Amino acid sequence: MVVARSVALFVVAALFEIGGAWLVWQGVREHRGWIWIGAGVIALGAYGFVATLQPDVEFGRVLAAYGGVFVAGSIAWGMIADGYRPGRWDVIGALICLAGMAVIMYAPRNH
């Protein structure tokens with residue numbers, strides 16, 4: 001149950017961070033304006049809050065593991081939002097990042 005909650009929080013955090021960054025990108029690079037930028041800034045702030053809800057108390061571990069989620073999530077976001085088609089090495093790299101994330105967060109530890 002703890003792992004399922006943690007994974008769900010990583011997914012929500014990814015939606016906020018990647019979505020927030022995408023909104024800022026759209027506002028600036030695609031000239032969509034300040035409303036898009038403002039929504040992106042709010043989403044990025046929400047990401048920071050969601051990250052604090054992880055059951056693990058180690059900031060460094062949570063943020064390092066989230067890096068793997070961010071890599072895979074960014075590729076998925078690009079596919080859905082922008083029609084990006086990742087190559088085989090993109091997919092392999094994302095899977096390696098997710099494997100690293102799983103080791104960092106969920107490997108057995110002697111506390």
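Residues numbered from 1 in each chain as written. Predicted model: local features only at pLDDT ≥ 70, side-chain atom pairs only at ≥ 80, totals over all residues. Heavy atoms only, no water.

As named in an unreviewed UniProt entry, the chain is YnfA family protein, taken from Streptomyces sp. 900116325.

Draft legend 1. Examining the overall build of the chain more closely. A tally of regular secondary structure across the chain gives four helices and zero strands. Counting from the amino terminus, the chain carries its helices and strands in the arrangement α-α-α-α. Along the first, second and third principal axes, the C-alpha atoms of the chain reach 50 × 35 × 20 Å. Each of the 111 residues in the chain was classed as buried or not, and the buried ones make up 27%. When the accessible surface of the chain is totalled, it reaches about 7,200 Å², and 73% of it is carbon and sulfur. Taken together, the 7 basic and 6 acidic charged side chains of the chain have centroids lying 4 Å from each other. (Helix = DSSP H or I, 4+ residues; strand = E, 2+ residues; numbered from the N terminus. Buried < 20%, exposed > 50% of the residue type's maximum accessible area, 1.4 Å probe, protein only. Areas by Shrake-Rupley, 256 points an atom, 1.4 Å probe, with all protein chains shown as cover. Lys, Arg positive; Asp, Glu negative; His and termini not counted. Charge placed at Lys NZ, Arg CZ, Asp CG, Glu CD.)

Draft legend 2. Main features of a nonpolar patch on the surface. Together, V3, V7, V11 and L15 make up an exposed nonpolar region whose accessible area comes to about 320 Å². Turning to its location among the elements, V11 is positioned in helix 1 (residues 2-29). You can call V11 partly exposed: its relative accessible area is 46%. (Patch = residues over 30% accessible without salt bridge, like charges linked within 9 Å, V, L, I, M, F, W, Y side chains within 5 Å. Salt bridge = Lys/Arg side-chain N within 4 Å of Asp/Glu carboxyl O.)

Draft legend 3. Just the pattern of salt bridges, in detail. By the definition in use, this model includes one salt bridge. Taking the shortest distance from any N to any O, the salt bridge between D56 and R61 comes out at 2.9 Å.

Draft legend 4. Representation of the environment of R85 within the structure. Locating R85 in the fold gives a position in the loop between helix 3 (59-82) and helix 4 (88-106). Among the residues examined, R85 registers a relative accessible area of 62% and is labelled exposed. Sequence-wise, R85 and I75 are ten residues apart; in three dimensions their C-alpha atoms are separated by 8.6 Å.

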